[in-house]
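Coordinate inspection notes
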Amino acid sequence: MKAEIITVGTELLMGQVINTNSATIARELAKLSIPTYYQQTVGDNPERMFESIQLASSRSDLIILSGGLGPTTDDITKQVLAKFVQKELVEDEEAMDKIIRFHKQSHRPMSPNNRPQALAFEGETVFKNHNGLAIGGAVETEKNIFIVLPGPPSELKMMLEKEVIPYLKEKFSNEGTFVSRYLRFFGIGESRLVTDLEQLIEEQTNPTIAPYAGMYEVVLRLTANGDTKEECEQLLDDLEEKILSVEREYFYGYGEYETLLSITSDLLKNSGLSIASAESLTGGLFASTLISVEGSSQYVLGSCVAYQEAIKKNQLQVSQEILETYGMVSVECAEEMAENVRTIFGSDLGISFTGIAGPSPMEEKEVGTVFISLADGVETKTIELHLARNRNGNREYAVQYGLNKLRKYLLKKQ
C-alpha cells in the first residue's frame, strides 16, 4: 500500500497559508502503517489538478486530496476528480439539509454557490463534515482509492478522526492489527542513535523502527503487525527492551506528543515541591518555559534574571571572592546562584543557568560553555555543557538540559 497526498490551493503555493494538512494526514496514515511515498501541492487550476491526479494514480494506491471543497468558484477538487474517475456528482440530501439549516439559524440568505458543498460521488462513500459544511468522500476504482477532504485544518482533522480513519481501518482490516509506540530520547543526536541501533534497524521486519529528529530530541516510532493487539504489544515490549538496553541513558518518555516540558512539569506537580530559578545566559527563558504549562503556579515561585555581574552580586548575593576567583561562567558561580535563589525565594529547589551563548567567548572560555546547577538544601549538583549552536539555539538547548536534569532528580526522589 502506497499513499500519496495532494493539497490543493493557490494560497499554499504562494506561501499565504502554511500547509499543515499534509503533515496531519501523513501522521495519521503512519499510525495505520500506511506509508506516504509522495506529496504534491497544486493550485486551483483544473488542468494542473487533473495532471496531479493522473500522476498520483500511476504510482500510488491511496490518494488523499485536501482543499477545494468550498463554495467559491475555484473550489473544484470534486469536479476535477469526478472527471478523472468518470463518476457523476450528485447532491447529498443530508448534507444539503445541514447547509439549509445553517443559513436559517444564522439568519442569512443562502446563495446558490453553497450547493456544491453538498456534492458527493454517485454510489460512493460520503464523509460527513462535523466542523463545517463541505462533505468529503471516497471513490474506489480498479487501481486506486481516492479520498477528498476539506482544506480548513479544523474540518480536516475532525473528518479524519470521525470518518476516514474508521473507513481505512475497515478497508484494510484483513491486513491484521497495527500498534505503534513512540520512544523519546534527549541528549543524543539522530545519527548517533541510528548508528547505535544499526543492527536492530537493519534486521527489522516486524516490528519496524522509524527514527524522527525533532527540534530538541529524537523519537523512535515502533510499529508492530499481528493478529491481536496483545500480540503486537508483546512484540513492541521485546523490541523496546532491546533498544533501551543500549540507549536507556537518553530515554525519557513515551507518546507521540509528550515533551521534556510536559513530563517534567507533571513530575514537579506531583512531587509537591516548589522551584525558583536564577538565570544568566537563558535570560528568564527557563522560567517562561515552565510557566507556559497550565497549573505551573502550584510549583513555580519566581525567577531572577541576573545577566550582569552586579546583579549576580547584589541580588543573588554571589560572593565577590567567587566572581573574582572563578568568574561568572563557572561551576562555583552556578552553584551559589542555585543555592541562593532557593533561599531568597524560599523554594524547595533552586536551579541556575550561567554560560556563554555567543557569539564571542569570555573569561577565556569558548562559546557554548554552560553550567546548570540544581540545589535542594542538602546537596547541589552541576552539569557542564559544551553546545555548538547559534546564540539562541544554545540558550534554548540549555533550557532543555535544565528540564532533563530536573526530571532525573524528581524521578530519583519518587
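Okay, so let's go over this structure. (Residues numbered from 1 in each chain as written. Predicted model: local features only at pLDDT ≥ 70, side-chain atom pairs only at ≥ 80, totals over all residues. Heavy atoms only, no water.)

Comments concerning the packing of helix H10 (residues 260-271) against helix H15 (residues 391-413)
Their axes nearest at 9 Å, the elements H10 and H15 cross at an angle of 40 degrees. When the interaxial angle is binned, H10 and H15 end up oblique. The two elements H10 and H15 cross, and the hand of that crossing is left-handed. Only Gln 400, Leu 403, Asn 404, Leu 406, Arg 407, Leu 410 and Leu 411 of H15 make contact with H10, whose side of the interface consists of Leu 260, Leu 261, Ile 263, Thr 264, Leu 267, Leu 268 and Ser 271. (Axes fitted to C-alpha atoms, helices over the stretch in contact; angles between N-to-C directions. Helix = DSSP H or I, 4+ residues; strand = E, 2+ residues; numbered from the N terminus. Parallel < 35°, antiparallel > 145°, perpendicular 65-115°, else oblique. Left-handed = near helix turned anticlockwise from the far one by under 90°. Contact = heavy atoms within 4.5 Å.)

Concerning the pairing of strand E17 (residues 380-386)
Where strand E16 (residues 369-375) meets E17, seven bridges bridge the pair, whose relative direction is antiparallel. The partner of Ser 373 across the bridge, within E17, is Thr 382. Between the end of E16 and the start of E17, which pair antiparallel, lie four residues, with Gly 377 showing a positive phi angle near 95 degrees. (Pairing = 2+ DSSP bridges.)

A look at the packing of aromatic side chains
Summed over all chains, the structure comprises nine aromatic pairs. Between Tyr 37 and Tyr 38 the ring centres are 6.5 Å apart and the planes differ by 50 degrees, which places this aromatic pair in the tilted class. Judged by its relative accessible area of 45%, Tyr 37 falls in the partly exposed class. With a centroid separation of 4.7 Å and an interplanar angle of 65 degrees, the aromatic rings of Phe 186 and Tyr 401 are classed as edge-to-face. Of this pair, Phe 186 sits in strand E9 (residues 177-186) while Tyr 401 is found in helix H15, placing the two residues 215 residues apart along the sequence. Judged by relative accessible area, Phe 186 falls into the buried class, the value being 3%. On the accessibility criterion, Tyr 401 (22% relative accessible area) is partly exposed. One Lys or Arg, Lys 83, reaches over the ring of Phe 50 and ends 5.5 Å from the middle of that ring. For Arg 389, the ring lying beneath its charged end belongs to Tyr 397, and the centroid distance is 3.5 Å. (Phe/Tyr/Trp six-rings, centres within 6.5 Å; stacked < 30°, edge-to-face > 60°. Buried < 20%, exposed > 50% of the residue type's maximum accessible area, 1.4 Å probe, protein only. Lys NZ or Arg CZ within 6 Å of the ring centre and 35° of its normal.)

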